[in-house]
Amino acid sequence: MEEVIFLRKVFVTALILVLAFASCSFADGVKIGSCIYRFSDAFMLRFRNAMSSESTKEGAELVLADSQNDQATQDSQVDEFIANGVNVLIINPVDRMKSQSIIDKAKSADIPVVFINREPPASILSTYSKAYYVGAKAEESGIEAGEIIAAYFKSHPEADKNKDGKLQFVMLRGENGHQDMILRSRYSVEAISKAGIPPVEIAGAIANWDKLQAMNIMNAFIMSIGPENIEAVIANNDEMALGAVEALKANDYNKGSAEMYIPVVGVDANASALDAMDRGEMLGTVLNDADGQGAAAVKLAVMLAKGQDVSKEVTDGKYIWIPYQKIARGEKK
Ligand code: BGC
Ligand code: CA
């Protein structure tokens, strides 16, 4: 049964790719094949749009494939891309720890590969001279999210609800093993403690970057802990922050009353989070620059495909880092 489903997936994937290639006749420009771990991810939608518009600017042809959160599907999409003669790959791995198989495929076809958003370990990236990574430093976003919470706590003494001088927070984590989940969780807490406020995690869970999962988890926390005992919500991304906001609103929190408010921070600066901030439902976020990362990835891919020297574009021979940017409430840009 499983095999049938798998074969069907492979067939559908192959069909999608064939149709995609048929509909865009490649001229002599650069052909980029790109796999996105999951099209339904809100942040990756911004990323895809940025890549598409940069490709248009560069006169390159970009074919995007939805890996549907399945590494085997992604591996066969890469095979199809190579069989169809792409000049370069841009890959958002489903499982960054399994990027070796993608590198091996690219290497044997002798085409460059640019990884995005999910960072392969250096030990894997180093096995191929034409493998690169374009992303943002996860610890930076953690520090900035922590600083937003710390600044709020300092300027709002009433936020220390139990008056113990410590910050009792709830943490909503992204997908297990993702560098952004690991480092944002660690550094946000560290930044709060560096600001002189002892942080206390009273509850935490993995909500896989997902709004609905985060909403259900937050509802459960509100029931078990009581909203009056939660002094902040730290979410590894905006979708989960918005899920927490939904749960809080369903319990009459974060609807405008100063007494019934819990500061919530996320990361990404997706439009829906900026709107929630404007409505006063969410405290802050950190801009994860999808436009900058998407454009940089495509530019690098095009240069690589043309065999140009990229040594001045990258650091440590392999990386392009796009900075994060703090966005506190009211500072919407
Ligand atoms: C973003 C998340 C996104 C994830 C996907 C992170 O950098 O902040 O919103 O779900 O990447 O890999
Ligand atoms: Ca406290």
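The structure displayed is predicted, hence computed values, not measured ones.

(A) Spatial organisation of the overall build of the protein chain. A tally of helices and strands in the protein chain yields eleven helices and twelve strands. A globule of 333 residues ought to have a C-alpha radius of gyration of about 20 Å, and the protein chain, at 21 Å, matches this closely. About 14200 Å² of surface is accessible on the protein chain, with carbon and sulfur atoms providing 53% of the total. Positive and negative charge centroids in the protein chain, built from 34 and 45 side chains respectively, lie 1 Å apart.

(B) Looking closely at the site of ligand 1. Around ligand 1, the structure places Tyr 37, Asp 41, Phe 43, Asn 117, Arg 118, His 178, Asp 180, Arg 184, Trp 209, Asn 237, Asp 268 and Asn 288. One of the side-chain nitrogen or oxygen atoms of Arg 118 is found 2.8 Å away from an oxygen atom of ligand 1. Asn 237 is positioned such that a nitrogen or oxygen atom in its side chain is 2.9 Å from an oxygen atom of ligand 1. Contact with the protein chains hides 99% of the accessible area of ligand 1, taken as 310 Å² for the molecule alone. Of the residues assigned to the shell around ligand 1, the class counts are three nonpolar, four polar and five charged. When residues of the shell around ligand 1 are sorted by domain, at least three fall in each of domain 1 (10-136 + 290-323) and domain 2 (139-287).

(C) Geometry of the packing of helix 9 (residues 238-250) against helix 10 (residues 271-278). Two elements in contact, helix 9 and helix 10, have axes separated by 9 Å at closest approach and are oriented at 40°. Relative to helix 10, helix 9 is oriented oblique. At the point where helix 9 passes helix 10, the crossing takes the left-handed sense. Contacts between helix 9 and helix 10 involve Asp 238, Glu 239 and Leu 242 from the former and Ser 272, Ala 273 and Ala 276 from the latter. Taken together, the residues of the contact of helix 9 with helix 10 sort by class into three nonpolar, one polar and two charged.

(D) Examining the packing of helix 6 (residues 138-155) against helix 7 (residues 179-194) more closely. With their axes 7 Å apart at the nearest point, helix 6 and helix 7 run at an angle of 35° to one another. Here helix 6 runs over helix 7; the crossing is right-handed. In contact with Ala 138, Glu 139, Ser 141, Gly 142, Ile 143, Gly 146, Glu 147, Ile 149 and Ala 150 of helix 6, helix 7 contributes Gln 179, Asp 180, Leu 183, Arg 184, Tyr 187, Ser 188, Ala 191 and Ile 192. Here the contact of helix 6 with helix 7 is composed, by residue class, of eight nonpolar, five polar and four charged.

(E) Spatial organisation of the coordination of the calcium ion (ligand 2). Here the calcium ion (ligand 2) is held by the protein donor atoms Asp 160 (OD), Asn 162 (OD1), Asp 164 (OD), Lys 166 (O), Gln 168 (OE1), Glu 231 (OE) and Glu 231 (OE), which lie 2.3 to 2.5 Å from it. All donors of the calcium ion (ligand 2) belong to a single chain; written as a sequence motif, their spacing is D-x1-N-x1-D-x1-K-x1-Q-x62-E. Of the two residues, Asp 160 sits in the loop between helix 6 and strand 6 (167-173) while Glu 231 sits in the loop between helix 8 (211-225) and strand 8 (232-235), which places them 71 residues apart along the sequence. Accessibility assignment for this pair places Asp 160 and Glu 231 in one class, buried.

(F) Inspection of helix 7 at higher detail. With 16 residues, helix 7 should reach 22 Å at 1.5 Å per residue; the first-to-last C-alpha distance of 22 Å fits that figure. Buried positions along helix 7 lie against strand 5 (131-135), helix 6, strand 6, strand 7 (199-206) and strand 8. Once helix 7 ends, the next one or two residues include Gly 196, with phi positive near 95°.

(G) Seen up close, the nonpolar core. Formed by 63 residues in total, the largest nonpolar core has its most connected members in Ile 32, Ile 90, Ile 116, Leu 172, Met 218, Met 282 and Leu 300. For this core, the element with the most residues is helix 11 (residues 290-305), which contributes nine residues. Two domains each provide a minimum of three residues to this core, namely domain 1 (10-136 + 290-323) and domain 2 (139-287). Discounting chain neighbours no more than four positions away, the residues touching Met 218 are Val 170, Ile 230, Val 233, Ala 244, Ala 247 and Leu 248. Within the second largest apolar cluster, 21 residues are counted, among which are Ala 136, Ala 150, Ala 159 and Leu 283.

(H) Focus on the pairing of strand 6. For strand 6, the buried fraction is high: seven of the seven residues fall into the buried class. Of the two faces of strand 6, the one lined by Leu 167, Phe 169, Met 171 and Arg 173 and the one lined by Gln 168, Val 170 and Leu 172 are each fully buried. As for the winding sense of the linkage, the β-α-β connection from strand 6 through helix 7 to strand 7 is right-handed. Strand direction decides the pairing type here: strand 6 and strand 8, joined by four bridges, are parallel.

(I) Expanded view of the domain arrangement of the protein chain. Per the domain assignment, the segments of the protein chain are domain 1 (10-136 + 290-323) and domain 2 (139-287). Here the C-alpha centre of domain 2 lies 33 Å away from the C-alpha centre of domain 1. Contact with domain 1, which involves 13 residues of that partner, is made by 14 residues of domain 2. Surface buried jointly by domain 1 and domain 2 totals about 950 Å² across both partners, of which 32% is contributed by carbon and sulfur atoms. Inspection of the domain 1/domain 2 interface yields one salt bridge. Between Glu 175 and Arg 118 there is a salt bridge whose closest N-O contact spans 2.8 Å. Linking domain 1 with domain 2 are six residue pairs in polar contact (both at pLDDT 80 or more). Tallying contributions element by element places helix 2 (residues 42-58) first for the side of domain 1 that touches domain 2, with three residues. By residue class, the composition of the side of domain 1 that touches domain 2 is six nonpolar, two polar and five charged.

What counts, and at which threshold
- Residues numbered from 1 in each chain as written.
- Chains lettered and ligands numbered in written order.
- Predicted model: local features only at pLDDT ≥ 70, side-chain atom pairs only at ≥ 80, totals over all residues.
- Heavy atoms only, no water.
- Helix = DSSP H or I, 4+ residues; strand = E, 2+ residues; numbered from the N terminus.
- Rg over C-alpha atoms; globule rule 2.2 N^0.38 Å.
- Areas by Shrake-Rupley, 256 points an atom, 1.4 Å probe, with all protein chains shown as cover.
- Lys, Arg positive; Asp, Glu negative; His and termini not counted.
- Charge placed at Lys NZ, Arg CZ, Asp CG, Glu CD.
- Near = heavy atom within 4 Å.
- Polar contact = N/O pair within 3.5 Å; in protein donor to acceptor, adjacent residues only side chain to side chain.
- Nonpolar A, V, L, I, M, F, W, Y, C, P; charged D, E, K, R; others polar.
- Domains from an automatic or database assignment.
- Axes fitted to C-alpha atoms, helices over the stretch in contact; angles between N-to-C directions.
- Parallel < 35°, antiparallel > 145°, perpendicular 65-115°, else oblique.
- Left-handed = near helix turned anticlockwise from the far one by under 90°.
- Contact = heavy atoms within 4.5 Å.
- Donors = N, O, S within 2.8 Å, 3.2 Å for Na, K, Ca; no water.
- Buried < 20%, exposed > 50% of the residue type's maximum accessible area, 1.4 Å probe, protein only.
- Expected span 1.5 Å × (residues − 1).
- Core = buried A, V, L, I, M, F, W, Y, C linked by side-chain atoms within 4.5 Å.
- Right-handed = clockwise from strand over helix to strand, strands pointing away.
- Pairing = 2+ DSSP bridges.
- Buried area = accessible area lost by both parts, 1.4 Å probe.
- Salt bridge = Lys/Arg side-chain N within 4 Å of Asp/Glu carboxyl O.

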